[in-house]
Amino acid sequence: MKYMLTMNKNHTFVIAEAGSNWKCGSYEDDLFQAKQLIDIASSSGADAVKFQTFRSESVYVENAGNIGYLKNYTNSDINTIFKNLEMPYEMIPELYKYCQQKKIIFMSTPFSIDDAKIIDKYTPIHKLASYEINHVRLLEFLSKTKKPILISTGASNVAEIDFAVQLIKQNGNNSIGVMQCTAKYPAPIESLNISVISFFKKKYGCSVGLSDHSVDPVMAPILAVAMGATIIEKHFTVDRNLNGPDHKFALIPNELKQMINAIRLAEKAKGNGIKNVLDVEIELQNFAKRSIQAISDIVENDLLIENVNIGVLRPGNKKRGSESRFLNEIIGKKARNSIKQGDGVTLQDCK
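All of these numbers come straight from a predicted model, not from anything done at the bench. (Residues numbered from 1 in each chain as written. Predicted model: local features only at pLDDT ≥ 70, side-chain atom pairs only at ≥ 80, totals over all residues. Heavy atoms only, no water.)

Asker: Explain a nonpolar patch on the surface to me, and be specific about the residues and the numbers.
Answerer: A cluster of nonpolar side chains, contributed by Ile189, Met219 and Leu223, occupies part of the molecular surface with about 230 Å² of accessible area. As for its placement among the helices and strands, Leu223 is situated in helix H8 (residues 219-226). (Patch = residues over 30% accessible without salt bridge, like charges linked within 9 Å, V, L, I, M, F, W, Y side chains within 5 Å. Areas by Shrake-Rupley, 256 points an atom, 1.4 Å probe, with all protein chains shown as cover. Salt bridge = Lys/Arg side-chain N within 4 Å of Asp/Glu carboxyl O. Helix = DSSP H or I, 4+ residues; strand = E, 2+ residues; numbered from the N terminus.)

Asker: Residue-level account of the sheet that holds strand S1 (residues 13-19), with values.
Answerer: Adjacent strands of a sheet form backbone hydrogen bonds with each other and so pair up, either parallel or antiparallel. Spatially, the eight strands line up as an open sheet ordered S3-S2-S1-S8-S7-S6-S5-S4, and their pairing is parallel. A strand with exactly one partner marks an edge of an open sheet, and here the two such strands are strand S3 (105-110) and strand S4 (126-128). Taking each pair of neighbouring strands and ignoring which way they run, the sheet shows an average axis angle of 25 degrees. The sheet strands contacting helix H1 (residues 27-44) are S1 and strand S2 (48-53), and the helix crosses S2 at an angle near 150 degrees. Each of strand S7 (207-212) and strand S8 (231-235) touches H8; the most contacted strand, S7, lies at about 170 degrees to it. (Pairing = 2+ DSSP bridges. Axes fitted to C-alpha atoms, helices over the stretch in contact; angles between N-to-C directions. Contact = heavy atoms within 4.5 Å.)

Asker: Any details on the pairing of strand S6 (residues 176-181)? Residues and values, ideally.
Answerer: Within S6, six of the six residues are buried, which leaves it mostly tucked inside the rest of the structure. Neither face of S6 is left uncovered, since the one carrying Ile176, Val178 and Gln180 and the one carrying Gly177, Met179 and Cys181 both have all their residues buried. Both strand S5 (residues 149-152) and S6 contribute to a ladder of four bridges, which runs parallel. Directly across from Ser152, in S6, lies its bridge partner Met179. Two strands pair when backbone bridges link them, and S6 and S7 are joined in this way by five bridges, in the parallel orientation. Within the sheet, the bridge partner assigned to Val178 lies in S7 and is Val208. (Buried < 20%, exposed > 50% of the residue type's maximum accessible area, 1.4 Å probe, protein only.)

Asker: Which residues make up the side chain of Lys23, and what are the values?
Answerer: Looking at where Lys23 falls in the secondary structure, it is placed in the loop between S1 and H1. A polar contact of 3.0 Å, which involves the side chain of Lys23, links it to the side chain of Asp30. Those residues within four positions of Lys23 in sequence are excluded, and the remaining contacts are Asp30, Gln33, Asn84 and Leu85. (Polar contact = N/O pair within 3.5 Å; in protein donor to acceptor, adjacent residues only side chain to side chain.)

Asker: Quick one: what's the story with the state of the cysteines, residue by residue and with numbers?
Answerer: One way to say it: the disulfide is the covalent bond shared by the sulfur atoms of two cysteines. As enumerated under the stated definition, the model contains zero disulfides in all. Distance from the sulfur of Cys24, which forms no disulfide, to the nearest cysteine sulfur (Cys99) is 17 Å. Relative accessible area serves as the criterion here: at 44%, Cys24 is assigned to the partly exposed category. In this model Cys206 remains outside any disulfide bridge; the closest cysteine sulfur is found in Cys181, 15 Å from its own. (Disulfide = S-S within 2.5 Å.)

Asker: Tell me what's going on with the packing of aromatic side chains, and back it up with residues and numbers.
Answerer: The description of an aromatic ring pair rests on the distance of the ring centres and on the angle between the ring planes. Counted according to the given criterion, the structure contains nine aromatic pairs. Where Tyr60 meets Phe82, the ring centres are 5.3 Å apart and the plane angle is 85 degrees; that geometry is what we call edge-to-face. Here the residue Tyr60 occupies a position in the loop between S2 and helix H2 (78-84), and Phe82 occupies one in helix H2, the gap between them amounting to 22 residues. Judged by relative accessible area, Tyr60 falls into the partly exposed class, the value being 38%. Classification of Phe82 as buried rests on a relative accessible area of 15%. Here the aromatic rings of Phe82 and Phe111 are separated by 6.4 Å at their centres, their planes lie at 50 degrees, and the arrangement is tilted. In this pair, Phe82 is assigned in helix H2 and Phe111 in the loop between S3 and helix H4 (113-119), connecting sequence segments 29 residues apart. (Phe/Tyr/Trp six-rings, centres within 6.5 Å; stacked < 30°, edge-to-face > 60°.)

Asker: How would you summarise the packing of helix H5 (residues 136-144) against helix H6 (residues 158-170) if you had to cite specific residues and measurements?
Answerer: Interaxial distance between H5 and H6 falls to 9 Å at its minimum, and their mutual angle equals 40 degrees. The orientation of H5 relative to H6 falls into the category oblique. Between H5 and H6 lies a crossing of right-handed hand. Residues Val136, Leu139, Glu140 and Ser143 of H5 touch H6, and the partners they reach there are Phe163, Ala164, Leu167 and Ile168. (Parallel < 35°, antiparallel > 145°, perpendicular 65-115°, else oblique. Left-handed = near helix turned anticlockwise from the far one by under 90°.)

Asker: Let's hear about the nonpolar core: which residues, and what values?
Answerer: Within the largest apolar cluster, 61 residues are counted, with the highest numbers of intra-cluster contacts made by Val49, Phe51, Leu95, Ile151 and Phe236. Ignoring sequence-local partners within four residues, the contact set of Leu95 consists of Leu31, Ala34, Lys35, Ile38, Phe51, Met87 and Phe106. Judged by nonpolar contacts, the second largest core, of eleven residues, contains Ile292, Ala294, Ile298 and Ile330. (Core = buried A, V, L, I, M, F, W, Y, C linked by side-chain atoms within 4.5 Å.)

Asker: Summarise the side chain of Glu17; cite the residues concerned and give the values.
Answerer: Among the structural elements, Glu17 can be located in strand S1. A relative accessible area of 2% places Glu17 in the buried class. A polar side-chain atom of Glu17 sits 2.3 Å from a polar atom in the side chain of Lys50. Once residues within four sequence positions are removed from consideration, Glu17 is found in contact with Lys50, Phe51, Gln52, Glu233, Lys234, His235 and Phe236.

What follows is the structure in structure tokens.
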């Protein structure tokens, strides 16, 4: 299946990131919760729902140890945590079929080539996690699928992003999205650096977006859209009080819907970037914008003199005169015809 991630300025592609929030118990419980997450994403208006596909042994070295940010979740080492959160490969086609029923795009982030081979049958768009931006072989494989690739850039510098973008293009794939991301969970507001989105857009000439780990449902996504983002990714959960590494900073269902509604309004507010008088402005443009008006009755051949028989006023419901910028072209001319006090004076009324 081919899916083009177009430079669509009028629609922001929203990815509801389920992450590991499907994991809760037995296979049946996990499947039920994953489907719940798909239901929430679909009913909230997201374009895609995204999971993660990995095998612990192909991510970290053995005995990789503990990471500080997860200490409030568990005392287990990172290898054990990843082992517990592995999504069974057989669950993926079930979730894909359910996404089809719910009319939402299925996505899953692969952490290895084997993972990518599994999910490639089911997703029209690939997502590269921030920590995989330098995973050369995975980049090569994803590039050759010819599907769009979204690159998260958390904990990365420009040289690393350049490398990933160039490698993808060297492998014949130009459908790329570059996502600003801060590798902190949750990410403090002051760490988001959303203005870099404009830099990405100019530098890479591709779709740009935000993978947001802050807890506020609206602020960062709306600011990103204003900066030119056409892709927004945000974690969500069934219940923030559930046990797991991604629940605490994830949006709950009503917040996800609030975010997407706000994004859709922001799209409308952003407009087309062309400054013109809008249809909704015409009434007040005609009524309240100053123009050249007669301030006394004028008869044919009267000399038109500012503050004597013409002035720059708001016309209200009277006939509107020429724009005020033409005042000096009218002053000193003679009236071609009679004009009642209050009515507009135009260039055509002069001789």
